[in-house]
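# Coordinates in review
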Amino acid sequence: MNYTCPMHPEIKRSQPGICPECGMTLVPDKEKRSSDKHAGHRTADFLKKFSISLLLTIPVILYSDIITNLTGFRAPTFPGAGFLPLILSSIVFFYCGWVFLTGAWREITAKLPGMMTLIAIATSTAYLYSVISVFLKGETLFWELTTLITVMLLGHWLEMRAVSGAQGALKELSKLLPDTAEILRNGQPEKIPVGDLREWDLVFVRPGGRIPADGIISDGQSQVNEAMITGESAPVAKKIGSEVIAGTINGDGSLTIKITKVGEKTFLSGIMRLVLEAQSSKSRLQVLSDRAAFYLTTVAVAGGGATLISWILSGAGAGFAIERMVAVLVIACPHALGLAVPLVASISTTLAARNGFLVRQRLALEQARNIDVVLFDKTGTLTKGEFGVTNIWPVGSENEKEILELAASVDAQSEHVISKAIVTRAMGAGTKLKEVKNFKRLPGKGVSGEIDGSEIAVGGQAMLESYDLNIEGGLREITEAESKKGKTLIFLIKDRKLWGILALADLIREESREAISSLQKSGVRVAMITGDSEGVAAWVAGELNISEYFYKVLPGEKAEKVKLLQSKGQKVAMIGDGINDAPALTQADLGIAIGAGTNVAIESAGIILMRSDPRDIIKIIRLSKLTYSKMIQNLFWATGYNVVAMPLAAGVLVSQGIILEPALAALLMSVSTIIVALNAVLLKRRRL
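Residues numbered from 1 in each chain as written. Predicted model: local features only at pLDDT ≥ 70, side-chain atom pairs only at ≥ 80, totals over all residues. Heavy atoms only, no water.

### Thoughts on the overall build of the chain
The helix and strand tally for the chain stands at 25 helices and 24 strands. Contacts spanning at least 24 positions in sequence make up 69% of the contacts within the chain whose residues lie at least 6 apart. For the chain, the computed accessible surface area is about 30700 Å², with 55% contributed by carbon and sulfur atoms. (Helix = DSSP H or I, 4+ residues; strand = E, 2+ residues; numbered from the N terminus. Contact = heavy atoms within 4.5 Å. Areas by Shrake-Rupley, 256 points an atom, 1.4 Å probe, with all protein chains shown as cover.)

Have a look at this one:
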């Protein structure tokens with residue numbers, strides 16, 4: 001069975017859920033509809049109809065009796081002026097309010113009456129009653145009708161602005177692949193569209209280029225940046241026989257790759273499927289206002305029908321009975337209910353932006369208050385996702401400054417990420433770089449050059465072995481201990497002798513310690529997940545006082561780890577920044593992306609940390625609790641007055657001379673709306 005949105009019938013899903021356009025509950029699609037350009041409505045449609053409805057409502061109010069009774073003001077008269085409210089209200093009802101009628105029809109046919117049903121009943125009753133009253137010279141409800149439709153359009157526009165489509169993540173994933181690939185034919189490169197690649201084709205990838213499909217290196221060696229796919233912060237050395245993944249970025253060497261997987265078989269396509277599966281497997285979420293509207297619909301329809309029948313049976317007359325029924329339906333109209341949740345959501349999203357995070361999905365912010373455990377991805381979240389020098393060890397009498405100066409001078413000629421990290425450290429320390437002659441890049445080893453007549457080489461273990469050098473004494477134990485923590489060791493060799501050692505690692509954010517401490521003090525558990533080795537994970541977890549962590553976790557396994565925590569009855573918030581985090585971000589009860597991360601992670605998350613500051617997570621939880629509290633208060637004000645007003649509108653105190661006219665009922669309804677609006681505005685004054 002397919003599911004569709006009552007307001008956006010072009011939205012179709014194979015699973016129950018919520019509409020990515022407006023956040024409404026999807027209903028079973030039992031109708032066969034042809035696709036036409038008028039099938040659905042977008043956010044801009046509601047803004048346009050709200051504007052038109054607002055402009056037409058102003059003259060309707062000016063020509064209504066309520067203005068005259070309250071202020072004594074009378075609008076200018078002209079021939080046919082008595083029909084002006086009818087004409088303008090008809091336009092508002094049939095053009096601006098038609099979306100509510102069609103939405104109600106879909107809810108009713110799906111046997112899931114809700115907000116649309118109640119709005120349709122209220123507006124239809126008020127319109128039909130008023131049209132009849134025009135010709136019978138009775139009291140009309142045109143101003144109540146037009147204001148109801150106007151406020152409903154405003155409420156739904158605000159709501160649609162607060163909810164974002166979830167399909168953006170899949171679009172961003174597809175952007176990772178290059179448009180073309182250089183295929184080798186008869187030894188010569190030829191550019192073809194990536195879609196035309198076939199298994200076992202030979203593809204040539206230049207330095208800095210993106211790998212177009214999964215494959216095995218048949219010639220060349222390089223280092224490939226797989227951070228956005230696997231979560232591994234360090235570039236991965238690749239040589240003949242090594243496997244490579246579509247969408248990853250080649251380093252400074254040229255590669256010839258034999259394609260082994262294309263299309264849906266690629267690793268990247270697997271991640272796309274995981275994102276889609278996580279989206280469709282989410283449980284059906286019900287917006288608070290929709291639940292309240294369902295109950296209010298039931299009470300309003302039952303109360304209105306009972307009122308009509310009761311007064312007819314009592315002999316009060318059909319006119320009085322219909323008037324009482326209309327009063328009941330009008331007092332139950334969800335003016336305030338339509339704004340109760342969207343207005344708070346709109347204000348809370350603005351408040352969130354002022355505090356450094358962006359709310360993409362309203363339901364995500366509502367869910368944050370229930371989070372039991374926050375699961376941090378390590379790379380780019382708790383850490384900066386970039387290398388930095390953590391230690392410098394002189395081998396002999398040399399000092400750290402001299403070692404950094406020589407290493408940075410040679411590395412300044414290289415584009416490698418490790419070289420850049422060493423240069424960045426030197427520049428930050430105010431080191432003046434020396435002139436380098438005969439610079440050479442040694443693939444798989446490092447770089448070399450001449451400084452002041454001395455041969456200088458800088459590189460990893462392969463460079464050390466090429467000079468047949470070893471680390472001796474106590475320094476060997478120190479460097480081995482640092483290496484077990486996952487740090488990368490770089491060796492400075494001068495005139496074929498080992499002069500110094502530099503240790504580099506993914507730098508821990510200074511803000512991470514405060515963020516984790518705040519979460520733990522608030523009673524929220526903290527865990528960490530990474531694709532890095534156990535040594536790296538243990539080092540970072542130890543530095544940040546995190547007791548629970550997962551290491552060497554592949555993208556598909558990240559989503560599984562989230563499910564594992566959820567299977568224990570815990571509400572999980574996932575914090576990440578990479579493509580590999582996208583499935584887990586979508587699977588989690590709350591997905592939070594680092595703003596400096598990839599677009600895919602951002603599109604998969606409900607909330608984005610624009611400042612990439614993990615300390616903002618505790619603010620998210622606080623705002624969620626405040627937002628939920630305001631929503632509950634507004635729902636109380638939006639519906640609580642019905643408990644008193646609906647019996648009065650039904651006429652239970654007519655014998656005491658107390659009667660609630662439809663116009664007065666609408667006025668009370670408007671007062672409730674004002675209270676809801678003012679209560680929501682108070683949220684702006686709260687500090688997180």
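### Focus: the sheet that holds strand β18 (residues 488–494)
Strand pairing in a sheet takes place through backbone hydrogen bonds and is either antiparallel or parallel in direction. Reading across the sheet, the six strands line up as β14-β19-β18-β17-β16-β15 and stay open at both edges, with antiparallel pairing between neighbours. Sheet topology places β14 (383–394) and β15 (437–442) at the edges, where each strand pairs with a single neighbour. Taken over all neighbouring pairs, the strand axes of this sheet differ in orientation by 20 degrees on average, direction set aside. Sitting on the sheet, helix α15 (residues 400–411) is in contact with β14, β15, β16 (446–451), β17 (454–459), β18 and β19 (497–508), with an inclination near 105 degrees to β16. (Pairing = 2+ DSSP bridges. Axes fitted to C-alpha atoms, helices over the stretch in contact; angles between N-to-C directions.)

### Structural notes on the packing of aromatic side chains
What the rule picks out here adds up to five aromatic pairs. An angle of 80 degrees between the planes, with centres 6.4 Å apart, marks the rings of Tyr 63 and Phe 78 as edge-to-face. Pair noted here: Tyr 63 is in the loop between α1 (43–62) and α2 (65–71) and Phe 78 is in the loop between α2 and α3 (84–96), with a separation of 15 residues, a long-range link. A residue is classified by how much of its surface remains accessible, and Phe 78, at 41% relative accessible area, is partly exposed. (Phe/Tyr/Trp six-rings, centres within 6.5 Å; stacked < 30°, edge-to-face > 60°. Buried < 20%, exposed > 50% of the residue type's maximum accessible area, 1.4 Å probe, protein only.)

### Remarks on the sheet that holds strand β11 (residues 255–261)
On the basis of which strands lie adjacent, the open sheet formed by six strands has the order β5-β4-β6-β11-β7-β10 and antiparallel pairing. The open sheet has two free edges, formed respectively by β5 (188–193) and β10 (243–244), since each of these has just one partner strand. Here strand β7 (residues 214–219) runs beside β10; their pairing, made up of two bridges, is antiparallel. Within β10, the position partnered with Gly 215 by the bridge is Val 244.

### Some thoughts on the packing of α15 against helix α16 (residues 417–428)
Packing of α15 against α16 leaves a shortest axis separation of 8 Å and a crossing angle of 130 degrees. Classified by the angle their axes make, α15 and α16 are oblique. When the axes of α15 and α16 are compared, the crossing they make is left-handed. On the side of α15, the interface is formed by Leu 404, Ala 407, Ala 408 and Asp 411, while α16 contributes Ser 419, Ile 422, Val 423, Arg 425 and Ala 426. Split by residue class, the contact of α15 with α16 holds six nonpolar, one polar and two charged. (Parallel < 35°, antiparallel > 145°, perpendicular 65-115°, else oblique. Left-handed = near helix turned anticlockwise from the far one by under 90°. Nonpolar A, V, L, I, M, F, W, Y, C, P; charged D, E, K, R; others polar.)

### Focus on unusual backbone geometry
Unusually for a residue other than glycine, Asp 495 sits at a positive phi of about 50 degrees. Structurally, the position occupied by Asp 495 is in the loop between β18 and β19. Given a relative accessible area of 41%, Asp 495 falls into the partly exposed group. Phi is positive for Asn 545, which is not a glycine, with a value near 60 degrees. Position of Asn 545 among the secondary structure elements: in the loop between α20 (534–544) and β21 (548–550).

### Comments concerning the layout of surface pockets
Taken as a whole, the second largest pocket holds about 880 Å³ of empty space. As for the second largest pocket, its lining consists of 40 residues, and the residues nearest its centre are Lys 445, Gly 459, Gly 460, Gln 461 and Ala 462. Of the residues assigned to the lining of the second largest pocket, the class counts are 16 nonpolar, 15 polar and nine charged. (1 Å grid on protein atoms, 1.4 Å probe; cavity = no way out; pocket = protein on both sides within 12 Å on 5 of 7 lines; lining within 4 Å. Points joined across faces, edges and corners; volume = space filled by probe spheres on them.)

### Details of the pairing of β19
Side chains on a regular strand alternate between the two faces of the sheet. In terms of residue burial, β19 counts as a mostly covered element, since ten of its twelve residues are buried. Across eight bridges, β14 lies against β19 in antiparallel orientation. Across the sheet, the residue bridging to Val 389 is Leu 504, located in β19. Bridge count for β18 against β19 is seven bridges, and the pairing is antiparallel. Its bridge partner lying in β19, Leu 492 is registered against Gly 500. The turn joining β18 and β19, which pair antiparallel and follow one another in sequence, is formed by two residues; a positive phi near 50 degrees is taken by Asp 495.

### Remarks on helix α4 (residues 98–109)
Helix length check: α4, at twelve residues, gives a terminal C-alpha distance of 17 Å against a target of 16 Å (1.5 Å per residue), a fit within 8%. If you check which residues of α4 are buried, you get Val 99, Phe 100, Leu 101, Gly 103, Ala 104, Arg 106 and Glu 107. Residue Lys 111 follows α4 closely and has a positive phi angle near 60 degrees. (Expected span 1.5 Å × (residues − 1).)

### Observations concerning the pattern of salt bridges
The tally for this structure, following the rule as stated, stands at 18 salt bridges. Here the residues in one salt-bridge network are Asp 377, Lys 558 and Asp 581, joined through shared partners. (Salt bridge = Lys/Arg side-chain N within 4 Å of Asp/Glu carboxyl O.)

### Examining helix α24 (residues 616–650)
For α24, with 35 residues, the first-to-last C-alpha span of 51 Å sits near the 51 Å given by 1.5 Å per residue. A bend of about 40 degrees at Val 643 is the largest found in α24, and the proline Pro 647 appears one to four places after it. (Bend = angle between axes of the 7 residues up to and from the residue.)

### Focus on the nonpolar core
Judged by nonpolar contacts, the single largest core of 51 residues is most densely connected at Phe 357, Phe 376 and Leu 519. In contact with Phe 357, not counting residues within four places along its chain, are Ala 352, Ile 607, Ile 608, Leu 609, Met 610, Asp 616, Lys 619, Ile 620, Leu 623 and Leu 688. Cys 96, Phe 100, Leu 145 and Met 152 belong to the second-largest nonpolar core, a separate cluster that totals 32 residues. (Core = buried A, V, L, I, M, F, W, Y, C linked by side-chain atoms within 4.5 Å.)

### Remarks on a nonpolar patch on the surface
Taken together, Phe 83, Ile 87, Ile 91, Tyr 95 and Phe 135 make up a surface patch of nonpolar side chains, about 500 Å² in accessible area. Considering each element in turn, the nonpolar patch owes the most residues, three residues, to α3. With respect to the element layout, Tyr 95 can be found in helix α3. Judged by relative accessible area, Tyr 95 falls into the partly exposed class, the value being 34%. (Patch = residues over 30% accessible without salt bridge, like charges linked within 9 Å, V, L, I, M, F, W, Y side chains within 5 Å.)

### Quick look at the side chain of Asp 581
In this structure, Asp 581 sits in the loop between β22 (572–576) and α22 (582–587). The buried category is assigned to Asp 581, whose relative accessible area is 0%. Of the polar contacts made by the side chain of Asp 581, one reaches the side chain of Lys 558; its length is 2.8 Å. In this structure Asp 581 touches Asp 377, Lys 558, Met 574 and Gly 576, once residues within four positions along its chain are discounted. (Polar contact = N/O pair within 3.5 Å; in protein donor to acceptor, adjacent residues only side chain to side chain.)

### A closer look at the confidence of the model for the chain
Keep in mind that low pLDDT regions are not for reading the predicted coordinates in detail. With 81% of its residues at a pLDDT of at least 70, the chain reaches an overall mean of 79. Every residue in residues 31–40 is under pLDDT 50, and counting partners more than four places away or in other chains gives twelve contacts. Counting interchain partners and residues more than four positions distant, the pLDDT-below-50 stretch residues 162–169 has 26 contacts. (pLDDT = per-residue confidence, 0-100.)

### So, the pairing of β17
With five of six residues buried, β17 lies mostly within the body of the structure. Here β16 folds back onto β17, and the loop between the two strands holds two residues, one of which, Asp 452, carries a positive phi near 55 degrees.

### Quick notes on the environment of Glu 415
Looking at the element boundaries, Glu 415 is found in the loop between α15 and α16. The class of Glu 415 is exposed, set by a relative accessible area of 59%. With 163 residues separating them along the chain, Glu 415 and Asp 252 place their C-alpha atoms 7.7 Å apart. Among the polar contacts made by the side chain of Glu 415, one reaches the side chain of Lys 420 at a distance of 3.4 Å.

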